[in-house]
Amino acid sequence: MKAVTWQGQEDVRVEEVPDPRIEQPNDAIVRVTSSGLCGSDLHLYQTLKPFMGKGDILGHEPMGVVEEVGPEATGLSVGDRVVLPFQISCGSCWMCTQGLQTQCETTQVREHGTGAALFGYSKLYGQVPGGQAELLRVPQAQYMPIKVPDGPPDERFLYLSDVLPTSWQAVAYADVPPGGTLLVLGLGPIGDMSSRIAQHLGHRVIGVDLVPDRLARAQANGVETIDLSQVDDVGEEVRSLTEGRGADAVIDAVGMDAHGSPTAAAGQRLFGVLPKRFSAAIMERAGTDRMAAIYTAIDAVRRGGTISLSGVYGGQSDPMPMLTLFDKQIQLRMGQANVKRWVDDLMPLVLDDADPLGTESFATHHVSLDDAPTAYETFAKKQDGAVKVVFKPGQRAPLTAVS
Ligand SMILES: NC(=O)c1ccc[n+]([C@@H]2O[C@H](COP(=O)([O-])OP(=O)(O)OC[C@H]3O[C@@H](n4cnc5c(N)ncnc54)[C@H](O)[C@@H]3O)[C@@H](O)[C@H]2O)c1
Ligand SMILES: [Zn+2]
Ligand SMILES: [Zn+2]
């Protein structure tokens, strides 16, 4: 079969690889019909090189049709239309029964001290072959697949694999009070969808990014926006929009590949209270850019507010301005999304033909697997209006904007 493989930093290639097979009695094989490209894939593309192996198959946002079912993959039949959560979870361990599927005790990668295994997400998460491929082996298939009806196009359901539950959890964790203001940092797929969900729930949303077409897309949905490239001090700007207090809650939908320097206004405010020698050491160890978004979040949230982190942070001991977090009495909630926990909340929205979250028009690009190298580059560089790229394995088409 054909699959998108990691070959090195900023080097993905489409290769012929052996078809996956049933390896465990509760496995299934799915023929992939659509598969998302995610901001999380960009961390593998750009930053997490030490944890990748040449030839690793990427992708963790797949859906398709069941082609083969192991004897213990009960409840699943050949021909079922299914979406696969990005994390692999068993559904029956203590963590899964708590709705913490990202911590599944059956699939935790204990060797690296990490949570549930993930499709296509490096040695840290079990080196499980991913879903940007024609076929996918699905472990824990007695629980994993989210069955969806025939009829509506793939895009209506595809985002149940990651974008929708991640954004739903981000908003749930943000815990915006009635009448409150939510600040969303980053308007990529996750920030954009989080904004849509928050608005659907009736919250005021302010969004921040620096890519013009991403700002415009959010604005078109009624989000107030701040253009990071035009504003020196996001915290001050947010306070000026919120009676001087700051946002009740902030979602960081950026993560560790942030643009901008925290040594600017927010960083100085946060580190101003530390001895200079200490703050310099912190900046050196963390790198100047890595922490830009989280520092902005800490600065822009009001006292007693909540920060909801969905952007991924990795690497060594990211130092945090603990003094400010403590002094401002900030609530910090984070983690990979527990996909299946939120499916019951989301299913009515994606089954609604009015499509309240705009899933059908959410993708900006539909591409064949053959075009993966260009698609990764275009998405990473945020060119050509690319916000959400969806691979269509089995179809051959040049990289085209669909909107
Ligand atoms: N928690 C989860 O389960 C989960 C799931 C999916 C994605 N993620 C993470 O969420 C983050 C966003 O994902 P995405 O697919 O939307 O990625 P993306 O890279 O397309 O979006 C990030 C956006 O942030 C903007 N940005 C960069 N620096 C900024 C700054 N300092 N302030 C404000 N905006 C800034 C970029 O221009 C970009 O539009 C990534 O870190 C991704 O790994 C987490
Ligand atoms: Zn993803
Ligand atoms: Zn489990």
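In case you missed it, the structure is sitting above this.
Bear in mind the structure is a predicted one, so any value in this text is a computation, not a measurement.

**Q** I'd like a rundown of the overall build of the protein chain, residues and numbers included.
**A** Scanning the protein chain for helices and strands turns up 13 helices and 16 strands. Looking at the protein chain as a whole, 52% of its 403 residues are labelled buried. Pairs at least 24 apart in sequence give 74% of the contacts found in the protein chain among residues at least 6 apart.

**Q** Now, about the site of ligand 1: what can you tell me, with residues and values included?
**A** As a structural note, the neighbourhood of ligand 1 is formed by 35 residues, with Gly-39, Ser-40, Gly-186, Gly-188 and Gly-255 the closest of them. When contributions to the shell around ligand 1 are tallied by element, the ones reaching two or more residues are helix 1 (39-46), helix 5 (189-200), strand 9 (204-209) and helix 10 (292-300). In terms of residue count, helix 1 provides more of the shell around ligand 1 than any other element does, four residues in total. Of the residues belonging to the shell around ligand 1, the class tally is 17 nonpolar, 14 polar and four charged.

**Q** Quick rundown of the sheet that holds strand 10 (residues 224-227)? Include the residues and the values.
**A** Strands sit in the order 10-9-8-11-12-13 across an open sheet of six strands; the sheet is parallel. The two strands at the open ends of the sheet, each matched to only one other strand, are strand 10 and strand 13 (331-334). This sheet shows a mean twist of 20° between the axes of neighbouring strands, independent of strand direction. For strand 12 (residues 301-309) and strand 13, the ladder comprises four bridges, and the chain directions are parallel.

**Q** How would you explain the nonpolar core if you had to name every residue and give the values?
**A** With 115 residues, the main nonpolar core has Leu-182, Leu-185 and Val-250 as its most contacted residues. If you count residues domain by domain, this core takes at least three from each of domain 1 (2-162 + 337-401) and domain 2 (164-334). Those residues in contact with Leu-185 that sit more than four places away from it in its chain are Gly-191, Val-208, Val-250, Ile-251, Asp-252, Ala-253, Val-254, Ala-293, Thr-296 and Ala-297.

**Q** Quick one: what's the story with the pairing of strand 10, residue by residue and with numbers?
**A** Bridge count for strand 9 against strand 10 is four bridges, and the pairing is parallel. Along strand 10, the bridge assignment pairs Gly-207 with Thr-225.

**Q** Can you explain helix 13 (residues 372-380)? Please cite residues and give values.
**A** Within an α-helix, residues lying three or four positions from one another point in the same direction, as the helix has 3.6 residues per turn. Ala-372, Ala-375, Tyr-376, Thr-378 and Phe-379 are the residues of helix 13 that are buried. Along the axis of helix 13, the buried residues cluster in a sector spanning 170°; they form a single face. In this structure, the buried side of helix 13 is in contact with strand 1 (2-8), strand 2 (11-16), strand 3 (28-37), helix 1, strand 14 (365-367) and strand 15 (389-391). Where helix 13 terminates, the next one or two residues include Lys-382, which has phi positive at roughly 55°.

Definitions and cut-offs
- Residues numbered from 1 in each chain as written.
- Chains lettered and ligands numbered in written order.
- Predicted model: local features only at pLDDT ≥ 70, side-chain atom pairs only at ≥ 80, totals over all residues.
- Helix = DSSP H or I, 4+ residues; strand = E, 2+ residues; numbered from the N terminus.
- Buried ≥ 20, exposed ≤ 12 C-beta atoms within 10 Å, placed from the backbone.
- Contact = placed C-beta atoms within 7 Å.
- Near = placed C-beta within 6 Å.
- Nonpolar A, V, L, I, M, F, W, Y, C, P; charged D, E, K, R; others polar.
- Pairing = 2+ DSSP bridges.
- Axes fitted to C-alpha atoms, helices over the stretch in contact; angles between N-to-C directions.
- Core = buried A, V, L, I, M, F, W, Y, C linked by C-beta atoms within 7 Å.
- Domains from an automatic or database assignment.
- Arc of directions from axis to C-beta.

By themselves, these figures tell us nothing about what the structure is for.
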